[in-house]
Amino acid sequence: MLCNNCGQEIGNSRNEKFCKFCGALVSDAGSEEKQKKKSEFNDEETNAMLERLGINASDFSEKNFVRVRELANDFYEGEKREKNDKYVILLEHWAAQNGYVRSQRAMGNIYFNGLCGIEEDDFEAKKWFLEAAKGGDKQSKFQLGEIEYFGVLGEKDYYKAFEYYQEAADEILGAKVRLGDCFSKGRGVEKDFEQSYFWYQKAAEEGDRYAQYELARQYWNGLGVPINTRKAFEWTLKSATNGDADAQFLIARCYHTGDEIEQNYKEAYYWYKAAMNQGHLEAQTIMGDFLLHGRGCERNRPEGFNLIKDAVDKGYKGAIGDLAQCYAQGWGIEPNVRIAEGLFLEDIENGNEDSLVELAQCYLWWSRSNSTEQEFKKNVNQGFELLKDF
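Residues numbered from 1 in each chain as written. Predicted model: local features only at pLDDT ≥ 70, side-chain atom pairs only at ≥ 80, totals over all residues. Heavy atoms only, no water.

**Q** Quick question: what am I supposed to make of the packing of aromatic side chains here?
**A** Going through the model one piece at a time under the given rule, you end up with 19 aromatic pairs. When the ring of Tyr272 is compared with that of Phe290, the centres are 5.5 Å apart and the planes differ by 80 degrees; the resulting orientation is edge-to-face. Of this pair, Tyr272 sits in helix α14 (residues 265-276) while Phe290 sits in helix α15 (residues 281-293); the two residues are 18 residues apart in sequence, bridging distant segments of the chain. Judged by its relative accessible area of 0%, Phe290 falls in the buried class. Ring pairing ties together the aromatic residues Phe142, Tyr149, Phe150, Tyr158 and Tyr165, which thus form one cluster. Lying over the aromatic face of Tyr76, Lys83 brings its terminal NZ or CZ to 4.6 Å of the ring centre. The ring of Trp235 carries the charged tip of Lys238 above its face, separated from the ring centre by 4.2 Å. (Phe/Tyr/Trp six-rings, centres within 6.5 Å; stacked < 30°, edge-to-face > 60°. Helix = DSSP H or I, 4+ residues; strand = E, 2+ residues; numbered from the N terminus. Buried < 20%, exposed > 50% of the residue type's maximum accessible area, 1.4 Å probe, protein only. Lys NZ or Arg CZ within 6 Å of the ring centre and 35° of its normal.)

Right, here's the structure in full:
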(Lines give C-alpha, C1' and ligand atoms only; values in the text may rest on other atoms or scores of the structure.)
Protein backbone atom coordinates (compact mmCIF):
# COMPACT_ATOMS: atom_id res chain seq x y z
CA MET A 1 0.00 0.00 0.00
CA LEU A 2 1.25 3.51 -0.90
CA CYS A 3 0.86 6.63 1.21
CA ASN A 4 -1.45 9.06 -0.58
CA ASN A 5 0.51 12.00 0.83
CA CYS A 6 4.18 11.16 0.13
CA GLY A 7 3.91 8.08 -2.13
CA GLN A 8 6.14 5.88 0.05
CA GLU A 9 5.48 2.14 0.34
CA ILE A 10 4.06 1.49 3.82
CA GLY A 11 2.95 -2.14 3.60
CA ASN A 12 -0.48 -3.71 3.56
CA SER A 13 -1.21 -4.09 7.26
CA ARG A 14 -4.49 -2.63 8.49
CA ASN A 15 -2.58 -1.71 11.66
CA GLU A 16 -0.60 0.91 9.71
CA LYS A 17 -2.83 3.84 10.58
CA PHE A 18 -0.23 6.53 9.84
CA CYS A 19 2.62 6.72 7.33
CA LYS A 20 5.93 6.21 9.14
CA PHE A 21 7.62 8.54 6.66
CA CYS A 22 5.40 11.65 6.70
CA GLY A 23 2.85 10.94 9.46
CA ALA A 24 -0.18 11.30 7.19
CA LEU A 25 -3.29 9.20 7.82
CA VAL A 26 -3.25 6.05 5.70
CA SER A 27 -6.18 5.88 3.26
CA ASP A 28 -8.44 2.99 4.20
CA ALA A 29 -11.76 4.00 2.69
CA GLY A 30 -13.01 0.43 2.41
CA SER A 31 -12.76 -0.41 6.09
CA GLU A 32 -15.89 -0.73 8.21
CA GLU A 33 -14.39 1.64 10.75
CA LYS A 34 -13.87 4.37 8.17
CA GLN A 35 -17.34 3.88 6.71
CA LYS A 36 -18.83 4.12 10.18
CA LYS A 37 -17.07 7.43 10.78
CA LYS A 38 -18.29 8.76 7.44
CA SER A 39 -21.86 7.86 8.37
CA GLU A 40 -21.63 10.02 11.52
CA PHE A 41 -21.63 13.13 9.33
CA ASN A 42 -24.54 13.29 6.89
CA ASP A 43 -24.32 16.20 4.44
CA GLU A 44 -28.07 16.53 4.16
CA GLU A 45 -28.47 16.67 7.93
CA THR A 46 -25.64 19.19 8.22
CA ASN A 47 -27.03 21.43 5.47
CA ALA A 48 -30.51 21.33 6.98
CA MET A 49 -29.07 22.34 10.35
CA LEU A 50 -27.05 25.19 8.80
CA GLU A 51 -30.16 26.46 7.04
CA ARG A 52 -32.16 26.40 10.29
CA LEU A 53 -29.41 28.42 11.96
CA GLY A 54 -29.20 30.93 9.13
CA ILE A 55 -25.72 29.86 8.00
CA ASN A 56 -24.87 29.97 4.29
CA ALA A 57 -23.30 26.55 3.49
CA SER A 58 -21.64 28.02 0.38
CA ASP A 59 -19.90 30.83 2.27
CA PHE A 60 -16.35 29.81 3.23
CA SER A 61 -15.24 33.24 4.43
CA GLU A 62 -13.44 33.80 7.73
CA LYS A 63 -16.45 35.76 8.98
CA ASN A 64 -18.81 32.84 8.33
CA PHE A 65 -16.45 30.33 9.94
CA VAL A 66 -16.18 32.55 13.02
CA ARG A 67 -19.99 32.68 13.21
CA VAL A 68 -20.17 28.88 12.97
CA ARG A 69 -17.65 28.50 15.78
CA GLU A 70 -19.57 30.96 17.95
CA LEU A 71 -22.71 28.90 17.46
CA ALA A 72 -20.83 25.69 18.26
CA ASN A 73 -19.55 27.28 21.45
CA ASP A 74 -23.06 28.41 22.42
CA PHE A 75 -24.45 24.90 21.92
CA TYR A 76 -21.51 23.43 23.88
CA GLU A 77 -21.83 25.75 26.89
CA GLY A 78 -25.64 25.68 26.96
CA GLU A 79 -26.04 29.22 28.31
CA LYS A 80 -27.18 31.35 25.35
CA ARG A 81 -28.76 28.34 23.61
CA GLU A 82 -29.97 24.94 24.76
CA LYS A 83 -27.04 22.55 25.01
CA ASN A 84 -26.81 20.33 21.92
CA ASP A 85 -23.74 18.12 21.46
CA LYS A 86 -24.90 16.92 18.04
CA TYR A 87 -24.98 20.47 16.71
CA VAL A 88 -21.51 21.14 18.16
CA ILE A 89 -20.08 18.18 16.27
CA LEU A 90 -21.85 18.97 13.00
CA LEU A 91 -20.88 22.65 13.07
CA GLU A 92 -17.23 22.04 13.91
CA HIS A 93 -16.98 19.20 11.40
CA TRP A 94 -18.49 21.31 8.61
CA ALA A 95 -16.00 24.12 9.21
CA ALA A 96 -13.09 21.66 9.66
CA GLN A 97 -13.71 19.74 6.45
CA ASN A 98 -13.89 23.05 4.60
CA GLY A 99 -10.42 23.99 5.81
CA TYR A 100 -11.01 26.14 8.88
CA VAL A 101 -7.96 25.50 11.05
CA ARG A 102 -9.52 26.31 14.43
CA SER A 103 -12.33 23.85 13.81
CA GLN A 104 -9.81 21.23 12.68
CA ARG A 105 -8.06 21.66 16.01
CA ALA A 106 -11.43 21.54 17.78
CA MET A 107 -12.24 18.23 16.07
CA GLY A 108 -8.86 16.92 17.21
CA ASN A 109 -9.66 17.91 20.79
CA ILE A 110 -13.14 16.38 20.58
CA TYR A 111 -11.76 13.00 19.52
CA PHE A 112 -8.71 13.17 21.78
CA ASN A 113 -10.75 13.91 24.92
CA GLY A 114 -13.97 12.11 24.02
CA LEU A 115 -16.16 15.23 24.13
CA CYS A 116 -19.77 15.82 23.07
CA GLY A 117 -20.73 12.15 23.27
CA ILE A 118 -17.99 11.08 20.84
CA GLU A 119 -15.81 8.13 21.88
CA GLU A 120 -12.12 8.86 22.37
CA ASP A 121 -10.27 8.08 19.16
CA ASP A 122 -6.58 9.01 19.17
CA PHE A 123 -6.10 8.11 15.51
CA GLU A 124 -8.92 10.39 14.39
CA ALA A 125 -7.63 13.09 16.75
CA LYS A 126 -4.18 12.92 15.20
CA LYS A 127 -5.69 13.17 11.71
CA TRP A 128 -7.37 16.46 12.57
CA PHE A 129 -4.35 17.83 14.44
CA LEU A 130 -2.24 17.08 11.35
CA GLU A 131 -4.69 18.98 9.17
CA ALA A 132 -4.62 21.97 11.51
CA ALA A 133 -0.82 21.81 11.78
CA LYS A 134 -0.56 22.00 7.98
CA GLY A 135 -2.43 25.30 8.29
CA GLY A 136 0.17 26.55 10.75
CA ASP A 137 -1.77 25.98 13.99
CA LYS A 138 0.81 25.95 16.79
CA GLN A 139 -1.48 24.43 19.42
CA SER A 140 -2.09 21.45 17.13
CA LYS A 141 1.65 21.05 16.60
CA PHE A 142 2.05 20.96 20.36
CA GLN A 143 -0.70 18.32 20.63
CA LEU A 144 1.07 16.24 17.98
CA GLY A 145 4.23 16.56 20.03
CA GLU A 146 2.39 15.26 23.09
CA ILE A 147 1.05 12.30 21.11
CA GLU A 148 4.58 11.36 20.03
CA TYR A 149 6.25 12.16 23.38
CA PHE A 150 3.93 9.95 25.41
CA GLY A 151 3.45 7.26 22.76
CA VAL A 152 -0.31 7.70 22.68
CA LEU A 153 -0.59 5.63 19.50
CA GLY A 154 2.10 3.09 20.33
CA GLU A 155 5.84 3.64 20.58
CA LYS A 156 7.20 6.95 21.82
CA ASP A 157 9.00 9.04 19.22
CA TYR A 158 10.99 11.69 21.08
CA TYR A 159 12.69 12.92 17.91
CA LYS A 160 9.41 13.70 16.15
CA ALA A 161 8.00 15.18 19.38
CA PHE A 162 11.05 17.45 19.69
CA GLU A 163 10.48 18.76 16.16
CA TYR A 164 6.84 19.54 16.87
CA TYR A 165 7.72 21.30 20.13
CA GLN A 166 10.32 23.43 18.36
CA GLU A 167 7.72 24.53 15.79
CA ALA A 168 5.22 25.44 18.52
CA ALA A 169 7.46 26.98 21.18
CA ASP A 170 7.28 30.59 20.02
CA GLU A 171 3.56 30.67 20.91
CA ILE A 172 2.77 27.72 23.18
CA LEU A 173 3.92 27.73 26.81
CA GLY A 174 3.67 23.94 27.14
CA ALA A 175 6.04 23.50 24.20
CA LYS A 176 8.69 25.58 25.99
CA VAL A 177 8.33 23.35 29.05
CA ARG A 178 8.64 20.19 26.96
CA LEU A 179 11.76 21.50 25.21
CA GLY A 180 13.25 21.99 28.67
CA ASP A 181 12.38 18.38 29.44
CA CYS A 182 13.85 17.15 26.15
CA PHE A 183 17.18 18.89 26.74
CA SER A 184 17.25 17.99 30.45
CA LYS A 185 16.56 14.28 29.85
CA GLY A 186 18.18 13.89 26.44
CA ARG A 187 14.95 12.95 24.69
CA GLY A 188 14.97 13.51 20.95
CA VAL A 189 18.11 15.61 21.28
CA GLU A 190 21.49 15.40 23.02
CA LYS A 191 21.31 16.24 26.73
CA ASP A 192 22.19 19.90 27.24
CA PHE A 193 21.54 21.57 30.62
CA GLU A 194 22.31 25.05 29.30
CA GLN A 195 19.51 24.63 26.75
CA SER A 196 17.14 23.12 29.32
CA TYR A 197 17.90 26.11 31.58
CA PHE A 198 17.11 28.45 28.65
CA TRP A 199 13.70 26.89 27.99
CA TYR A 200 12.73 26.34 31.63
CA GLN A 201 13.55 29.98 32.36
CA LYS A 202 11.34 31.18 29.49
CA ALA A 203 8.44 29.03 30.71
CA ALA A 204 9.07 29.91 34.36
CA GLU A 205 8.93 33.63 33.59
CA GLU A 206 5.54 33.03 31.92
CA GLY A 207 4.31 31.52 35.19
CA ASP A 208 4.51 27.76 34.59
CA ARG A 209 4.92 26.17 38.04
CA TYR A 210 6.54 22.97 36.80
CA ALA A 211 9.16 24.97 34.85
CA GLN A 212 9.74 27.13 37.92
CA TYR A 213 10.47 24.02 39.98
CA GLU A 214 12.78 22.56 37.30
CA LEU A 215 14.60 25.90 37.00
CA ALA A 216 15.07 25.92 40.78
CA ARG A 217 16.38 22.36 40.60
CA GLN A 218 19.04 23.45 38.13
CA TYR A 219 20.08 26.28 40.48
CA TRP A 220 20.15 23.90 43.47
CA ASN A 221 22.36 21.40 41.63
CA GLY A 222 24.42 23.65 39.35
CA LEU A 223 23.03 22.15 36.14
CA GLY A 224 23.85 24.42 33.20
CA VAL A 225 24.26 27.33 35.58
CA PRO A 226 26.41 27.98 38.70
CA ILE A 227 24.85 26.87 42.00
CA ASN A 228 22.83 29.72 43.47
CA THR A 229 20.83 28.73 46.54
CA ARG A 230 19.18 32.15 46.85
CA LYS A 231 17.72 31.97 43.35
CA ALA A 232 16.95 28.29 43.84
CA PHE A 233 14.89 29.07 46.94
CA GLU A 234 13.14 32.01 45.23
CA TRP A 235 12.07 29.93 42.22
CA THR A 236 11.04 27.02 44.45
CA LEU A 237 8.89 29.38 46.51
CA LYS A 238 7.27 30.78 43.34
CA SER A 239 6.50 27.27 42.17
CA ALA A 240 5.14 26.31 45.58
CA THR A 241 2.97 29.42 45.72
CA ASN A 242 1.60 28.48 42.28
CA GLY A 243 0.61 25.07 43.62
CA ASP A 244 3.38 22.62 42.66
CA ALA A 245 3.35 19.84 45.29
CA ASP A 246 7.04 18.92 44.92
CA ALA A 247 8.03 22.57 45.35
CA GLN A 248 5.76 22.88 48.39
CA PHE A 249 7.46 19.83 49.91
CA LEU A 250 10.93 21.22 49.22
CA ILE A 251 10.08 24.62 50.78
CA ALA A 252 8.71 22.77 53.81
CA ARG A 253 11.99 20.82 54.11
CA CYS A 254 13.98 24.06 53.98
CA TYR A 255 11.96 25.53 56.87
CA HIS A 256 12.02 22.19 58.69
CA THR A 257 15.78 21.69 58.60
CA GLY A 258 16.88 25.33 58.55
CA ASP A 259 18.74 24.86 55.25
CA GLU A 260 19.06 28.11 53.24
CA ILE A 261 16.59 29.85 55.58
CA GLU A 262 15.94 30.24 59.30
CA GLN A 263 14.27 27.17 60.79
CA ASN A 264 10.53 27.71 61.25
CA TYR A 265 8.31 24.77 62.18
CA LYS A 266 5.07 26.72 61.62
CA GLU A 267 6.07 27.55 58.04
CA ALA A 268 7.23 23.96 57.54
CA TYR A 269 3.88 22.69 58.83
CA TYR A 270 2.01 25.04 56.47
CA TRP A 271 3.88 23.87 53.36
CA TYR A 272 3.86 20.17 54.32
CA LYS A 273 0.10 20.44 54.71
CA ALA A 274 -0.22 22.14 51.30
CA ALA A 275 1.77 19.32 49.65
CA MET A 276 -0.14 16.65 51.59
CA ASN A 277 -3.45 18.07 50.37
CA GLN A 278 -2.26 17.33 46.83
CA GLY A 279 -1.52 13.70 47.63
CA HIS A 280 2.19 13.97 48.51
CA LEU A 281 2.61 10.95 50.80
CA GLU A 282 6.06 11.83 52.16
CA ALA A 283 4.69 15.22 53.20
CA GLN A 284 1.73 13.43 54.81
CA THR A 285 4.09 11.20 56.79
CA ILE A 286 6.09 14.15 58.10
CA MET A 287 2.84 15.94 58.92
CA GLY A 288 1.95 12.92 61.04
CA ASP A 289 5.29 13.20 62.83
CA PHE A 290 4.72 16.94 63.44
CA LEU A 291 1.35 16.15 65.00
CA LEU A 292 2.83 13.37 67.13
CA HIS A 293 5.39 15.76 68.62
CA GLY A 294 3.62 19.13 68.38
CA ARG A 295 6.04 20.73 65.92
CA GLY A 296 4.58 23.89 64.42
CA CYS A 297 1.13 22.85 65.66
CA GLU A 298 -0.72 21.54 68.70
CA ARG A 299 0.17 17.95 69.53
CA ASN A 300 -2.46 15.49 68.35
CA ARG A 301 -1.13 11.94 68.46
CA PRO A 302 -4.28 10.11 67.27
CA GLU A 303 -4.43 12.34 64.19
CA GLY A 304 -0.68 11.94 63.63
CA PHE A 305 -1.01 8.16 63.81
CA ASN A 306 -3.94 8.19 61.37
CA LEU A 307 -1.97 10.21 58.80
CA ILE A 308 1.03 7.88 59.02
CA LYS A 309 -1.08 4.73 58.84
CA ASP A 310 -3.01 6.14 55.87
CA ALA A 311 0.27 6.81 54.03
CA VAL A 312 1.34 3.19 54.61
CA ASP A 313 -2.07 1.92 53.50
CA LYS A 314 -1.65 3.92 50.29
CA GLY A 315 1.63 2.14 49.58
CA TYR A 316 4.22 4.64 50.80
CA LYS A 317 7.04 2.49 52.18
CA GLY A 318 8.84 5.47 53.70
CA ALA A 319 6.16 5.66 56.42
CA ILE A 320 6.54 2.05 57.65
CA GLY A 321 9.26 2.86 60.19
CA ASP A 322 7.22 5.77 61.56
CA LEU A 323 4.18 3.53 61.93
CA ALA A 324 6.32 0.95 63.72
CA GLN A 325 7.41 3.65 66.19
CA CYS A 326 3.77 4.53 66.87
CA TYR A 327 2.99 0.91 67.80
CA ALA A 328 6.22 0.55 69.78
CA GLN A 329 5.73 3.73 71.81
CA GLY A 330 1.94 3.80 71.93
CA TRP A 331 1.70 7.10 70.09
CA GLY A 332 -1.94 7.62 69.10
CA ILE A 333 -2.66 3.90 69.40
CA GLU A 334 -2.45 1.17 72.04
CA PRO A 335 1.14 -0.17 72.07
CA ASN A 336 1.55 -3.47 70.29
CA VAL A 337 5.00 -5.04 70.42
CA ARG A 338 4.41 -7.71 67.79
CA ILE A 339 2.92 -5.32 65.21
CA ALA A 340 5.81 -2.92 65.84
CA GLU A 341 8.34 -5.73 65.43
CA GLY A 342 6.79 -6.87 62.16
CA LEU A 343 6.77 -3.35 60.76
CA PHE A 344 10.38 -2.69 61.78
CA LEU A 345 11.48 -5.95 60.15
CA GLU A 346 9.58 -5.04 56.97
CA ASP A 347 11.26 -1.62 56.93
CA ILE A 348 14.69 -3.20 57.47
CA GLU A 349 13.98 -5.54 54.55
CA ASN A 350 13.25 -2.44 52.45
CA GLY A 351 16.76 -1.20 53.22
CA ASN A 352 16.12 1.30 56.03
CA GLU A 353 19.00 0.88 58.50
CA ASP A 354 17.46 3.40 60.91
CA SER A 355 14.74 0.86 61.66
CA LEU A 356 17.41 -1.72 62.44
CA VAL A 357 18.76 0.52 65.21
CA GLU A 358 15.24 1.42 66.38
CA LEU A 359 14.25 -2.24 66.60
CA ALA A 360 17.43 -3.09 68.50
CA GLN A 361 16.67 -0.35 71.01
CA CYS A 362 13.10 -1.58 71.29
CA TYR A 363 14.26 -5.11 72.03
CA LEU A 364 16.41 -3.76 74.87
CA TRP A 365 13.57 -1.59 76.13
CA TRP A 366 11.02 -4.41 75.86
CA SER A 367 13.37 -6.68 77.84
CA ARG A 368 12.96 -4.46 80.89
CA SER A 369 9.16 -4.71 80.71
CA ASN A 370 8.99 -8.52 80.27
CA SER A 371 8.28 -10.53 83.38
CA THR A 372 10.11 -13.79 82.64
CA GLU A 373 13.85 -14.35 82.59
CA GLN A 374 13.56 -16.29 79.29
CA GLU A 375 11.83 -13.39 77.53
CA PHE A 376 14.34 -10.94 79.04
CA LYS A 377 17.34 -12.89 77.67
CA LYS A 378 15.68 -13.39 74.29
CA ASN A 379 15.00 -9.69 73.79
CA VAL A 380 18.44 -8.62 75.01
CA ASN A 381 20.14 -11.10 72.66
CA GLN A 382 18.01 -9.96 69.72
CA GLY A 383 18.84 -6.34 70.43
CA PHE A 384 22.61 -6.92 70.67
CA GLU A 385 22.62 -9.11 67.53
CA LEU A 386 20.96 -6.36 65.52
CA LEU A 387 23.38 -3.74 66.82
CA LYS A 388 26.33 -6.01 66.06
CA ASP A 389 25.11 -6.47 62.47
CA PHE A 390 24.71 -2.72 62.11
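We are not done yet, so read on.
**Q** How should I be thinking about the pattern of salt bridges in this particular structure?
**A** Pairing is possible between side chains of opposite charge, provided their charged atoms come close. Tallied over the full model, the rule gives 19 salt bridges. The closest approach of N and O atoms between Lys134 and Glu131, which form a salt bridge, is 3.4 Å. In this pair, Lys134 and Glu131 both sit in helix α6 (residues 122-134), three residues apart, roughly one turn of the helix. Measuring nitrogen to oxygen at the nearest pair gives 4.0 Å for the salt bridge that ties Lys138 to Glu171. Within this pair, whereas Lys138 is found in helix α7 (residues 138-149), its partner Glu171 is found in the loop between α8 (158-168) and α9 (173-185), the two being separated by 33 residues in sequence. Connected through salt bridges with shared partners, the residues Glu146, Arg178, Asp181 and Lys185 form a single ionic network. (Salt bridge = Lys/Arg side-chain N within 4 Å of Asp/Glu carboxyl O.)

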